[in-house]
Amino acid sequence: MAAPTRVFAFRDARWAPDPVLEPSAAVRSPQPAPLVIDNGSFQTRAGWACPDPSVPAEPLLRFRSLAARSRGARGGAGAETQVGNDLGSPEPLRWLLRSPFDRNVPVQLELQELLFDHVFQRLGVSSQGCVDHPIVLTEAVCNPLYSRQMMSELLFECYQVPKVSYGVDSLYSFYHNRKQNWPCSGLVISSGYQCTHILPVLEGRLDAKNCKRINLGGCQAAVYLQRLLQLKYPGHFAAITLSRMEEILHEHSYIAQDYIEELQKWRCPEYYENNVHKMQLPFSNKLLGSTVASEEKQEKRQQQLRRLQELNARRREEKLQLDQERLDRLLYVQELLEDGQMDQFHKALVELNMDSAEELQSYINKLSLSVEQTKQKILQSEVNIEVDVVDSKPETPDLDPLGSEQSLEDVESINEFEPLFAEEQPEVEKPVAAVQPVFNLAEYHQLFLGTERIRAPEIVFQPSLIGEDQAGIAETMQYVLERYSKEQQAILVQNVFLTGGNTMYPGLKARVQKELLEMRPFQSSFQVHLAASPVLDACWAVPSQAAQQVSPLPVSQSSVGTCQVVLQDTRGAELSPASRGLVFFSFLPNHHRRASGYFLSASISGILMLWLKLESWAQKDTASPA
């Protein structure tokens, strides 16, 4: 039985620009509703956290976290900045694209400001000179304090937001998917576009000391797949773009439960034919077959030949005219010498940049020879054109020159020798209606995806495939578990939770179960859960909890002249399941917001410097004699 044809066309979908939305009145009254921004390194999502049913809970904006600044045309408008979906398609501007993230940490605050401007403008936040909505912003786990400081300074100083709440997206997803009978402890595996995190959660609290990060994600898988296919199909190097590789990863790749065994299956020709995916690259239908007859092609060649001949004849005539004018000028100067007009002759020689009459005679001889040769070429080309025209006429050969002079005996003698020369008679050529292609051009523009479907996603389990000296998910998971006691290990493996956009590969859950089965003791139990929506769960979880998180903070409006920061971290006191992993900032007086950057950066360093000075003074006191 023949295998079904698995030919898939690339969508190459263009991004539609985001419209400017009109916010509902419910987001303004009775108090401004919190604005939720899922600040991911791959995609930015934004929406409202409003309990009113008229306001949708899903994110209203979804766009790639990219920006491009064009240089502008000469003499025209200045540089133009495009953000997210306004780019249309990323490939023409790939060399101009910039991201505010280094791995999954925002470091380019100028580009982050462009993303925030895009969010506030398209959501219709129309405050006078400020954004008076509380902000709930997601960040990576164990985000550096410097990055959080700069982000807070941007929000408070530039946009004058009243409150900011920071939360870890993977923990939001973990608590959102937590069912009634699930334990509060678990091992969260969050794999995104740039990184993969292993997060242990014990009794509802994140153990930040034992969190581990693998610097591999969907971006590295797309680059690896692009290199594989470019080496396999060097003729389509430019057509194998990162956008198409991401489409292949999202729709045609899967995780093998046993990588080596799966590779052995692909060695079987029957298995290959039944499971290979053929990706059709765009190509021109005009090249599939030429219906132009040979006579028409010959006619086009004749026309091109005539054009070239006419062009050469025109150039020869122009050259002949210039040489003839210069020859006439030299002959005129020679006549001056023959007439004895020496003054005018010497003056003419100086104008011609010549020294003597012999040099003048030499130039006259060379130009005369060149003029004669050019005239001969012109005459010869005209004769060739006439001959070509005569030869192009169809000839009518005389088939019977002797006619009635042949006798009957001569005809009979000719018929006797016909069988001897029958095999030597050439066959009459049949006219060819169309030129058939040598090969199938559509098949030539197809990418055959075999083992590439499993090799690219496998790098999160085997980073050595791309030359990375890191541990994979299985080794890192085992390393994290070994840092706990056996009782705590048994608690953690009862809820292994998978979230993030890079966990949507088919077969990932079965692969993690297999790895746990190999590393856990005999007859031990474990459970692996996959997020209901690994990409949007963080956005779904924030609106249901934002009303509690952005409630009025314990800082009164009457505390004029003070600058207070309220921090709630996972390493602090016991928090509710909804608020663990969140950080709050509130800067009330406008004239004291300038101190935010100094407060955040100098608080820890100042305490350390003071402690070092006290230690040095104490050592001096003990060293001095009584």
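Residues numbered from 1 in each chain as written. Predicted model: local features only at pLDDT ≥ 70, side-chain atom pairs only at ≥ 80, totals over all residues. Heavy atoms only, no water.

Kindly report on the pattern of salt bridges, identifying the contributing residues and their values.
Inspection of the entire model under this criterion finds 14 salt bridges. When the shortest N-O distance is used, the salt bridge between Asp-38 and Arg-45 registers 2.9 Å. The exposure class of Asp-38 is buried, given its relative accessible area of 4%. Judged by relative accessible area, which is 9%, Arg-45 ranks as buried. With its nearest N and O atoms 2.6 Å apart, the salt bridge here joins Arg-148 to Glu-139. Like Arg-148, the residue Glu-139 is buried in the burial classification. (Salt bridge = Lys/Arg side-chain N within 4 Å of Asp/Glu carboxyl O. Buried < 20%, exposed > 50% of the residue type's maximum accessible area, 1.4 Å probe, protein only.)

Help me get a handle on the packing of helix H4 (residues 218–232) against helix H5 (residues 242–252), residues and values and all.
Here H4 crosses H5 at 110 degrees, and the two axes come no closer than 9 Å. With respect to H5, the axis of H4 lies roughly perpendicular. Contacts between H4 and H5 involve Gly-218, Ala-221, Ala-222, Val-223, Leu-225, Gln-226 and Leu-229 on the former and, on the latter, Leu-242, Met-245, Glu-246, Ile-248 and Leu-249. Looking at the contact of H4 with H5 residue by residue, the class counts come to nine nonpolar, two polar and one charged. (Axes fitted to C-alpha atoms, helices over the stretch in contact; angles between N-to-C directions. Helix = DSSP H or I, 4+ residues; strand = E, 2+ residues; numbered from the N terminus. Parallel < 35°, antiparallel > 145°, perpendicular 65-115°, else oblique. Contact = heavy atoms within 4.5 Å. Nonpolar A, V, L, I, M, F, W, Y, C, P; charged D, E, K, R; others polar.)

I'd love a proper account of the packing of aromatic side chains, names of residues and values included.
Here the structure, examined in full by the defined rule, presents eight aromatic pairs. Ring geometry for Phe-116 and Phe-120: centres 6.1 Å apart, planes at 20 degrees, overall stacked. With Phe-116 and Phe-120 both in helix H1 (residues 109–122), this residue pair falls four residues apart, about one helical turn. Per residue, the accessibility class of Phe-116 equals that of Phe-120, and both read buried. On the numbers, 5.3 Å between centres and 85 degrees between planes, the contact of Trp-266 with Tyr-271 is edge-to-face. Taking relative accessible area as the criterion, Trp-266 reaches 6% and is therefore assigned buried. In textbook terms, an aromatic cluster arises when at least three aromatic residues are bridged by ring pairs, as seen for Phe-116, Phe-120 and Tyr-159. Sitting over the ring of Tyr-363, Lys-366 keeps its end group 6.0 Å from the ring centre. (Phe/Tyr/Trp six-rings, centres within 6.5 Å; stacked < 30°, edge-to-face > 60°. Lys NZ or Arg CZ within 6 Å of the ring centre and 35° of its normal.)

Describe the sheet that holds strand E16 (residues 277–280), with residues and values.
Taken together, three strands build an open sheet; the order of strands is E1-E16-E17 and the sheet is mixed. Unpaired on one side and paired on the other, strand E1 (7–9) and strand E17 (446–449) mark the two borders of the sheet. Each neighbouring strand pair of the sheet contributes to a mean axis angle of 30 degrees, computed without reference to strand direction. (Pairing = 2+ DSSP bridges.)

Go over unusual backbone geometry, please, and point to the residues and values.
Located in the positive-phi region is Asp-12, a residue other than glycine, with phi close to 50 degrees. Along the chain, the position of Asp-12 falls in the loop between E1 and strand E2 (35–39). The exposure class of Asp-12 is partly exposed, given its relative accessible area of 38%. The backbone phi angle of Arg-103 is positive, close to 60 degrees, even though this residue is not glycine.

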